[in-house]
Amino acid sequence: MSSRIIKASKNLGYVEDKVTKRDGKFMKSDLEVNKGDNELGEDRISSDTGYINWLRCPGTLELEKVPLFAGLNQRKWKSSPLEVKEEQSATSLWDAYSGLISNQAMILALNSSFVDPALQFETQVKIIKSSFKMAFAVTNLDEVREIGMHEEDENDLENLYRTILNIFEDTLLILVSKDVYKLQFLKEMAVWMNEDNSYMQEEAMVVISRVLSFAARKVRGSASVNAPCLGVLAAELSLLCSHSDPSITQQAFVGMYHLLCIAKIQSEGTAKSKNKKYDKPGNHCIQPSSSGTEFLPKNLQKDKSKIAQSVGKTLLPPLLTDFVWSLLMKLSVPDQSIASEAATILKLTLECNAHKVTMVSKIVDTIYKQLCGDDSPILREAMLRVITLLTRTSPKKVIFQLMDYPVPADDILILMWYAAGSESSVVPHVLKTILLILKGKPREMEKIITERKHFSLDATNMMPVAASQALCTLLPLGPYKKAVAQFFPQLLMALMLQLFYSSNLRLMTEDRPFYALDALRVLLNCSGLQEVDTALKRKNCWNQFSQVLFHHHGVYLVAKTLSEYNFPQFPETLHYLYKLAVEGPRRSEDSVITIIFFTELLNNFFKDPFPEKFLVLFRNWVNDPDPAVCKLSLQKIASMAPVINEIENVCSLLTSILDAFLSKDMTVIIRALITLRKLLDRLDKVTYSSLSTRIASSYCPLMDHGNEGIRSMAIRHFGQLLMDMSQYTWMLNDVVYAGLVPLILFLEDTEERVVKACKYTLKICASELKWSTLYFLKDEYYNFELVVLNICNNLLISHQKYITDLISETLGFLESSRTYLRRGSVILLGYLAKLGGHLLLRDEIDVMLEAIDRVIRDEDPVIRELAEKTNKIFMEIAYKLTTSNIKQSFQRLFNFIYLKKLKLLYNYNPPKDLTGSPMGIKEIRSDKEATTKDNYEDVLVKNEGASVKNARFPSALEHSSLEK
């Protein structure tokens with residue numbers, strides 16, 4: 001047996017190695033720790049070949065002269081129990097030796113191959129683990145010495161034992177010499193040691209410290225170091241520094257020293273690369289590299305807290321995160337001494353270097369899960385302390401994660417809330433983060449902007465509800481009572497919005513707690529507003545807030561009650577609301593609540609009109625995309641009617657109301673019409689006259705609106721404007737004739753209120769324009785064709801220039817979907833054409849013929865009959881037209897000099913089955929119609945002779961009735 005071993009050892013070169021005996025133990029003189037530059041790094045291992053160069057050192061015992069297992073080979077084996085045990089130990093050592101040789105060959109072969117790096121590393125880990133078990137699961141050195149019956153046997157077994165450890169160590173040295181990344185194997189060794197205490201931990205620690213020593217010398221002067229395992233390995237070594245065995249502790253301190261030296265070089269290399277990337281050329285300065293004396297074992301042993309401080313200061317953020325994570329996992333191990341030591345190191349590290357820790361959310365989530373599964377006092381205290389320390393430097397990440405759990409929160413989560421917000425220094429940051437979360441809407445999927453984009457783990461996004469519950473928990477605490485004054489406006493409005501969201505949410509889930517309401521009451525009580533809370537309770541406000549229809553009124557009650565009690569936070573609240581109003585809320589419902597609250601505060605602390613800086617907001621809100629916002633603003637502006645003349649920029653305010661006429665929401669238009677009318681009733685005449693043309697022109701498009709309420713209101717307000725501006729009629733002539741066609745045609749509207757509005761406005765127009773039409777607008781004498789005939793004859797006398805424009809506008813109503821409009825437009829078009837035919841060109845007649853030709857095919861028989869008569873009128877006009885320009889000029893001059901009034905052309909009697917028409921609303925006796933037609937000319941003469949000066953304007957309807 002010994003001859004084979006000697007031969008194998010000679011081939012590998014191990015028998016040339018020298019060992020030195022110290023204190024009864026054999027130690028390699030060339031592997032002693034802390035020997036300087038002539039140690040293992042440059043002498044024993046060639047960085048080019050990766051092979052071991054064995055040295056001869058004076059004073060060492062040459063193994064060459066003491067053949068391995070020589071004594072065992074020359075003697076005969078005896079069958080005593082001690083000899084049997086010796087033989088078995090020798091066999092196990094030989095098996096371990098041969099296995100390590102084989103594994104080393106495979107590892108080195110893989111290391112020099114072109115295998116995928118990930119697969120190579122995975123395979124090498126498996127082989128290293130196998131070698132680790134072989135090397136450190138064998139009998140320890142003391143037992144080997146006891147087995148040997150003779151001194152020669154003892155030396156042989158001890159040499160073999162040392163050779164086994166050397167082979168394992170040399171394998172690691174070769175791997176690390178090629179790639180420092182392979183220090184990962186040391187981390188795995190530490191893990192295997194912790195998993196099974198039966199391994200020889202002292203010997204393993206010696207190997208770890210030696211390999212780290214070699215790696216520290218190798219990376220010295222390197223530009224970069226790729227060693228991602230340093231964090232986990234540092235965690236393992238930090239725990240071993242408190243081991244009960246002094247020899248293991250000593251090796252752990254030595255290993256920690258070398259690890260920190262490597263980490264320092266790594267961090268310096270990273271800093272240099274960043275400086276090289278961002279610094280300008282010529283600005284580089286040489287920074288002296290630290291010698292690492294602060295990491296010496298004698299310095300670390302003086303105060304164990306220096307380990308945590310040195311690790312936190314030296315490791316890069318990702319590595320420090322690994323360090324913290326590893327210690328965090330140690331808190332839940334069964335061994336209480338390890339858990340306690342891990343808690344101590346973790347606390348010392350995070351107190352100074354928590355800002356470097358990444359993956360905070362994952363750490364918080366892991367703590368929550370471990371606390372839910374383990375009720376150990378040591379574990380709970382240590383992990384809650386970690387939460388507190390992490391909140392100091394990363395409050396957003398911690399609070400966001402704590403709010404991302406199902407509601408209502410359980411006892412464990414509430415404990416974590418207390419831990420996160422227990423220190424007064426973090427209170428402002430905690431409240432700011434909660435306010436950021438409260439900007440969200442429950443069950444709304446959205447991205448909440450933080451330092452990084454955060455996505456809720458809960459698909460329903462109940463984080464705002466959890467934040468409301470957190471406020472109920474945190475606000476009563478002492479440190480928060482001082483900070484509440486600073487954040488009162490933000491918290492107040494955020495909770496008012498959450499009340500609205502939660503009230504909608506409760507409709508879907510009736511059992512959902514109403515935390516936003518509870519938080520609002522806690523806020524009032526913590527802010528010294530207990531009387532406000534009591535008053536709102538007395539008004540039954542709190543009980544009704546869950547009702548959606550009550551919510552806007554509830555917002556009003558809260559604002560009004562706060563104002564009644566002159567709450568001291570008014571200036572800050574008003575400033576914050578103004579800021580919200582200027583910047584614009586996130587959602588339309590936010591705008592409504594903000595305006596209600598803002599308006600009520602202004603009403604209680606300012607007299608109308610508001611200062612210009614506030615009034616401009618209401619002017620902008622008039623044209624807000626949200627109809628509710630528009631109506632609230634218009635309602636407030638309408639209340640300023642008594643002081644309208646005191647407003648500085650009143651023209652801009654009125655113009656914004658006119659722009660609201662273009663809204664697609666009918667309720668906004670109605671509210672704008674009412675508001676404008678209220679303001680015009682109080683507006684001074686000078687300003688009124690300057691805007692009268694613009695206002696009148698804005699009414700005209702609404703006269704043909706699809707909603708009958710808007711039609712009737714626009715028509716009536718148009719007449720009221722003409723009456724108000726009776727002294728400035730000359731300014732409004734063009735606008736009056738622009739709105740004349742709809743005023744005439746909607747006399748046949750199916751809605752009685754529209755008909756009455758048209759008659760009301762036409763009477764005012766007739767009076768202002770000196771027309772003799774009032775008689776035919778009376779209900780007892782009313783006939784649509786007679787009104788049209790009378791108006792056209794008045795146009796013939798005084799305003800012929802508008803006839804062509806009226807014809808053009810009337811053509812647009814021929815294709816209306818409403819029957820009465822098509823019927824009325826055919827009649828009006830015929831009279832206008834008959835009256836102004838001499839003013840028309842051939843092309844215009846052709847267009848009119850084409851338009852009336854389509855109406856002849858209308859489905860309504862009455863319209864077809866009327867269209868045929870109108871078509872004949874057009875044909876007569878076309879026949880009389882001449883191509884000679886001279887003749888046309890003479891014809892027009894003759895028609896201007898000789899005015900011939902029109903007579904009835906259609907003798908139109910509306911069918912009595914036309915429900916809703918004026919003739920259907922009020923039956924007119926046929927004999928009265930006949931009398932009216934027979935006496936038409938006599939009445940016309942009488943009206944023409946009437947004096948306009950004695951005309952009386954009909955009184956306008958009361959505004960209250962108009963609103964109704």
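Residues numbered from 1 in each chain as written. Predicted model: local features only at pLDDT ≥ 70, side-chain atom pairs only at ≥ 80, totals over all residues. Heavy atoms only, no water.

J.: Describe in detail the overall build of the protein chain, supporting the description with residues and values.
T.: In terms of helices and strands, the protein chain carries 48 helices and three strands. Here the protein chain holds 964 residues, and 54% of them are scored as buried. Taken as a whole, the protein chain presents about 44,700 Å² of accessible surface, with 52% of it coming from carbon and sulfur. (Helix = DSSP H or I, 4+ residues; strand = E, 2+ residues; numbered from the N terminus. Buried < 20%, exposed > 50% of the residue type's maximum accessible area, 1.4 Å probe, protein only. Areas by Shrake-Rupley, 256 points an atom, 1.4 Å probe, with all protein chains shown as cover.)

J.: Account for the confidence of the model for the protein chain, with residues named and values stated.
T.: Mean pLDDT over the protein chain works out to 76, with 73% of the residues at or above the 70 mark. In this model, residues 912–964 is a region of pLDDT below 50 whose contacts with residues beyond four sequence positions or in other chains number 71 contacts. (pLDDT = per-residue confidence, 0-100. Contact = heavy atoms within 4.5 Å.)

J.: So what's going on with the environment of L402? Which residues, and what values?
T.: Structurally, L402 is set in helix α18 (residues 395–402). The buried category is assigned to L402, whose relative accessible area is 1%. With 65 residues separating them in the primary sequence, L402 and A467 have C-alpha atoms 9.1 Å apart. If we ignore the near neighbours within four places in the chain, the residues touching L402 are V364, L413, M416, W417 and A420.

J.: Mind laying out the packing of helix α33 (residues 685–702) against helix α34 (residues 708–724), listing which residues take part and the relevant values?
T.: Packing of α33 against α34 brings their axes to within 10 Å, and their N-to-C directions diverge by 150 degrees. One element, α33, and the other, α34, form an angle in the roughly antiparallel class. As for the relative orientation of α33 and α34, their crossing is left-handed in sense. Residues K685, Y688, S692, I695, A696, Y699, C700 and L702 of α33 pack against I710, R711, A714, H717, F718, L721 and D724 of α34. When the residues that make up the contact of α33 with α34 are grouped by side-chain class, the tally is ten nonpolar, two polar and three charged. (Axes fitted to C-alpha atoms, helices over the stretch in contact; angles between N-to-C directions. Parallel < 35°, antiparallel > 145°, perpendicular 65-115°, else oblique. Left-handed = near helix turned anticlockwise from the far one by under 90°. Nonpolar A, V, L, I, M, F, W, Y, C, P; charged D, E, K, R; others polar.)

J.: Describe the packing of aromatic side chains, with residues and values.
T.: Applying the stated criterion across every chain yields a total of 20 aromatic pairs. Here the aromatic rings of F132 and W192 are separated by 5.4 Å at their centres, their planes lie at 50 degrees, and the arrangement is tilted. Of this pair, F132 sits in helix α5 (residues 117–136) while W192 sits in helix α8 (residues 184–195), and the two are 60 residues apart along the sequence. Residue classification places F132 among the buried positions, given a relative accessible area of 1%. Between Y578 and F614, the aromatic rings sit 5.7 Å apart at their centres with planes inclined by 80 degrees, giving edge-to-face as the arrangement. Separated by 36 residues along the polypeptide, Y578 in helix α27 (residues 570–583) and F614 in helix α29 (residues 612–621) bring together distant segments of the chain. Judged by its relative accessible area of 22%, Y578 falls in the partly exposed class. The exposure class of F614 is buried, given its relative accessible area of 6%. Three or more aromatic residues joined by ring pairs form one cluster here, namely Y578, F598, F606, F610, F614, F618 and W621. Note that K613 overlies the ring of Y578, its terminal NZ or CZ placed 4.7 Å from the centroid. (Phe/Tyr/Trp six-rings, centres within 6.5 Å; stacked < 30°, edge-to-face > 60°. Lys NZ or Arg CZ within 6 Å of the ring centre and 35° of its normal.)

J.: Give a detailed account of the pattern of salt bridges, specifying residues and quantitative values.
T.: This model, assessed by the stated rule, comprises 24 salt bridges. For the salt bridge of D659 with R694, the shortest nitrogen-to-oxygen distance reads 3.4 Å. A residue pair is termed long-range when its members are at least 10 positions apart, and D659 in helix α31 (residues 650–659) and R694 in helix α33 qualify at 35 residues. Its salt-bridge partner being D704, residue R818 comes within 3.2 Å of it at the nearest N-O pair. Taken as a pair, R818 in the loop between α40 (803–811) and α41 (819–836) and D704 in the loop between α33 and α34 lie far apart in primary sequence, 114 residues in all. Since its relative accessible area comes to 22%, R818 is described here as partly exposed. Note on D704: relative accessible area 33%, which makes it partly exposed. Taken together, the shared-partner salt bridges in this structure form one network comprising E351, R385, R392 and E423. (Salt bridge = Lys/Arg side-chain N within 4 Å of Asp/Glu carboxyl O.)

J.: Lay out α34 in plain terms, naming residues and giving numbers.
T.: Given a rise of 1.5 Å per residue, 17 residues ought to cover 24 Å, and the 24 Å separating the end C-alpha atoms of α34 matches this to within 8%. For α34, the tally of buried residues reaches 15 of 17 residues, placing the bulk of the element in the interior. Regarding α34, its N-cap is N707, as a side-chain oxygen of that residue lies 2.9 Å from the backbone nitrogen of G709 further along. (Expected span 1.5 Å × (residues − 1). Polar contact = N/O pair within 3.5 Å; in protein donor to acceptor, adjacent residues only side chain to side chain.)

J.: I'd like a rundown of the nonpolar core, residues and numbers included.
T.: Counting 296 residues, the largest nonpolar core has F136, L183, M189, M416 and F597 as its most contacted members. Counting residues per element, this core draws most heavily on helix α22 (residues 478–508), at 15 residues. For L183, the contacting residues outside a window of four places in its chain are V176, V211, L212, A215, A227, C229 and I262. (Core = buried A, V, L, I, M, F, W, Y, C linked by side-chain atoms within 4.5 Å.)

J.: I'd like a description of unusual backbone geometry, backed by residues and values.
T.: Looking along the chain, the bond that leaves V407 and enters P408 is cis, with omega of 0 degrees. Position of P408 among the secondary structure elements: in the loop between α18 and α19 (411–420). A positive phi angle, near 50 degrees, is found at N566, a position not held by glycine. One can find N566 in the loop between α26 (548–564) and α27.

J.: Outline the packing of helix α42 (residues 842–856) against helix α43 (residues 861–880), listing residues and values.
T.: Closest axis-to-axis distance for the α42/α43 pair is 9 Å, and the angle between their directions is 160 degrees. What the angle tells us is that α42 and α43 run roughly antiparallel. Where α42 crosses over α43, the handedness of that crossing is left-handed. Contacts from R842, I845, M848, L849, I852, V855 and I856 in α42 reach I863, R864, A867, E868, T870, N871, F874, M875, I877 and A878 in α43. Classifying every residue of the contact of α42 with α43 gives twelve nonpolar, two polar and three charged.

J.: Tell me about the environment of Q490, and name the residues and values.
T.: Among the structural elements, Q490 can be located in helix α22. For Q490 and L431, which are 59 residues apart along the polypeptide, the C-alpha to C-alpha distance reads 9.8 Å. In this view, Q490 contacts L435 and Y576; residues no more than four positions away in its chain are not counted.

J.: Can you explain the environment of A867? Please cite residues and give values.
T.: Topologically, A867 is positioned in helix α43. For A867, a relative accessible area of 0% puts it in the buried group. Separated by 37 residues in sequence, A867 and G830 have C-alpha atoms that sit 8.7 Å apart.

J.: Quick one: what's the story with α43, residue by residue and with numbers?
T.: In this model, α43 (20 residues) spans 29 Å end to end at C-alpha, consistent with the 28 Å of a helix rising 1.5 Å per residue. If you follow the buried residues of α43, they end up packed against α41 and α42. The N-cap of α43, judged by a side-chain oxygen 2.9 Å from the amide nitrogen of V862 a few residues on, is D860.

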